[in-house]
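Here is how the chains run, residue by residue.
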Amino acid sequence: MDGFSETEDQRELRRTARTFFEAKSPEPEVRRVMESTLGYDPAVWQQMSQQLGLQGLAIPEEFGGGGFSYTELGIVLEESGRVLLPGPFFGSVVAAAAALMCSGDDAAKARHLPGIASGATIAALALAEHSGRWTADSIQTRAQRAGDRWIINGSKTFVLDGHVADLLLVVARTASGISLFAVEDTDTLSLRALSTLDPTRRQARIDFDATSADLIGAEGQAWTGLSRALDIAAACLAVEQVGGARRCLELAVDYAKTRHQFGRPIGSFQAIRHRCADLMLEIECARGVAQYAVHTAAEQLDQLHAAAPLAKAYCSDVYSRAAAASIQIHGGIGFTWEHPAHMYFKRAKSSQHLLGDADYHRGLLADRIGI
């Protein structure tokens, strides 16, 4: 890859992903799936794995994956964001898999990553609690030894796709500090799907009552790896947000070309033209910073600690502005349930708060670079 120019293989991956997502996740299908109990289509999930190998794209070959990098995964995420792909792709393939890969526990990787890579396992990272914060000091869930095993007590909320997860990666506090645990027996847990703004990205509350778990990595030493995993997830979420923002602009421009007022297409009016031009500039800037953040993750660069919060903060703001502008340019029809504009607006708002909002990430960036 020369700079941020895509190679021919990466362009082919983008074309393949876009063709697949447009065929399998058009607007009517998104509406159908987001009203379903599961919140995703198991048949499409299986096709993503068996036909394209998307779930294992960035997982090393030694753990059953395709051995590509976060750069390629970012391409797929941008295309999935463009169509509002509903389902556990981000929660399982990005957040949970990154937590495992950054854990330093090869045995846990060998046990759990192949299932995630094949799509047979849907994994969920259970970190946030009642406060909704993604920080170490917000962790109140406790884990302790009970004989030769670990048990967890407490609650997690805002768990992406927790209601359908086969594997939970639970962040809990022990006597030694923040630790990461695997809970595989999810059928016995108290799970409750949450009513959220964005029905295309399901979240759940999970209660643990002396739940048996396996320790991943060293006790009390998990936060360093989790912090990096959260940076990787933030970078990946940023490119997904860019995909959604670009689609909002496409919808607005297409409508401005066909909607006529006073005998002229509204796209010929200076106010509309300037609004679209400003959005295009912002989105291209967002795409650049998101691609750089994913590049630092792919190359395991130290700059990730600054690039990830920068990308997440900027792309969150740009996506929200693009979704709001698209509604405004569409006028009255943009406010209706029948038009997809509100679906992008809801995804923009939910993604803005996922992993911490823009203000949180700006503060995180300032702390990390010492200002």
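As shown above, the structure is provided for reference.
Quantities reported herein were computed from a predicted structural model and do not represent experimental measurements.

Colleague: Got a minute to help me understand the packing of aromatic side chains in this structure?
Modeller: Aromatic ring pairs are described here by two measures, namely the spacing of the ring centres and the angle between the planes. Going through the model one piece at a time under the given rule, you end up with 3 aromatic pairs. Pairing F20 with F21 gives two aromatic rings, centres 5.8 Å apart and planes at 70 degrees, and the pair type is edge-to-face. Its relative accessible area of 9% is what places F20 among the buried residues. Of the residues examined, F21 reaches a relative accessible area of 1% and is grouped as buried. With centroids separated by 5.3 Å and ring planes inclined at 55 degrees, the aromatic side chains of W150 and F181 adopt a geometry described as tilted. Of this pair, W150 sits in strand β3 (residues 149–160) while F181 sits in strand β5 (residues 177–183), and the two are 31 residues apart along the sequence. The class for W150 is buried, based on a relative accessible area of 6%. Taking relative accessible area as the criterion, F181 reaches 0% and is therefore assigned buried.

Colleague: Mind showing me how you'd approach the pairing of β3 here?
Modeller: Sheet faces and side chains relate simply in a regular strand, where the side chains alternate between the two faces. Note that strand β2 (residues 142–146) and β3 share 5 bridges and pair antiparallel. Each residue of the ladder has a partner; that of Q144, found in β3, is I151. Two elements, β3 and strand β7 (residues 203–216), share 8 bridges in a ladder whose sense is antiparallel. Bridged to K156 within β7 is I206.

Colleague: Explain the state of the cysteines to me, please; I cannot follow it from the model alone.
Modeller: Defined simply, a disulfide is a covalent bond joining two cysteines at their sulfur atoms. Applying the stated rule across the entire model yields 0 disulfides. Here C276 is not cross-linked by a disulfide; its sulfur's nearest cysteine counterpart is in C248, at 12 Å. Cysteine C315 is unpaired, with the sulfur of C285 as its nearest cysteine sulfur at 10 Å.

Colleague: It is not clear to me how the nonpolar core should be interpreted in this structure. Could you clarify?
Modeller: Side chains that are nonpolar tend, in soluble globular proteins, to be buried together. The biggest cluster of nonpolar side chains holds 103 residues, and the ones touching the most others in it are Y70, F89, F90 and L169. Looking at which element gives the most residues to this core, the answer is helix α7 (residues 223–258), with 19 residues. Residues A143, V183, L189 and I206 belong to the second largest nonpolar core, which totals 16 residues.

Quick notes on the rules
Every chain begins its residue count from 1, and numbering advances along the sequence as written. Whole-chain, interface and lining totals are the exception, using all residues; otherwise, since this is a predicted model, local features are given only for residues with pLDDT of at least 70 and side-chain atom pairs are given and counted only at 80 or more. Calculation of side-chain values draws on the structure's entire complement of heavy atoms; hydrogens and water are dropped beforehand. Ring pairs shown here join Phe, Tyr and Trp side chains whose ring centres sit within 6.5 Å, with only the six-membered ring taken for Trp; geometry is labelled stacked below 30 degrees between planes, edge-to-face above 60, and tilted in between. Think of it in three bands: residues with accessible area under 20% of the maximum for their type are buried, residues over 50% are exposed, and the middle band is partly exposed, with areas taken using a 1.4 Å probe on protein chains only. A run of H or I in DSSP counts as a helix once it spans at least four residues, and a run of E counts as a strand once it spans at least two, with each numbered from the N terminus. Only strands that DSSP links by at least two bridges are regarded as paired with each other. Working definition: a disulfide is two cysteine sulfur atoms within 2.5 Å of each other. Definition of nonpolar core: a set of buried residues of the types Ala, Val, Leu, Ile, Met, Phe, Trp, Tyr and Cys, connected through side-chain atoms within 4.5 Å.

All we've got here are geometric facts, nothing functional implied.
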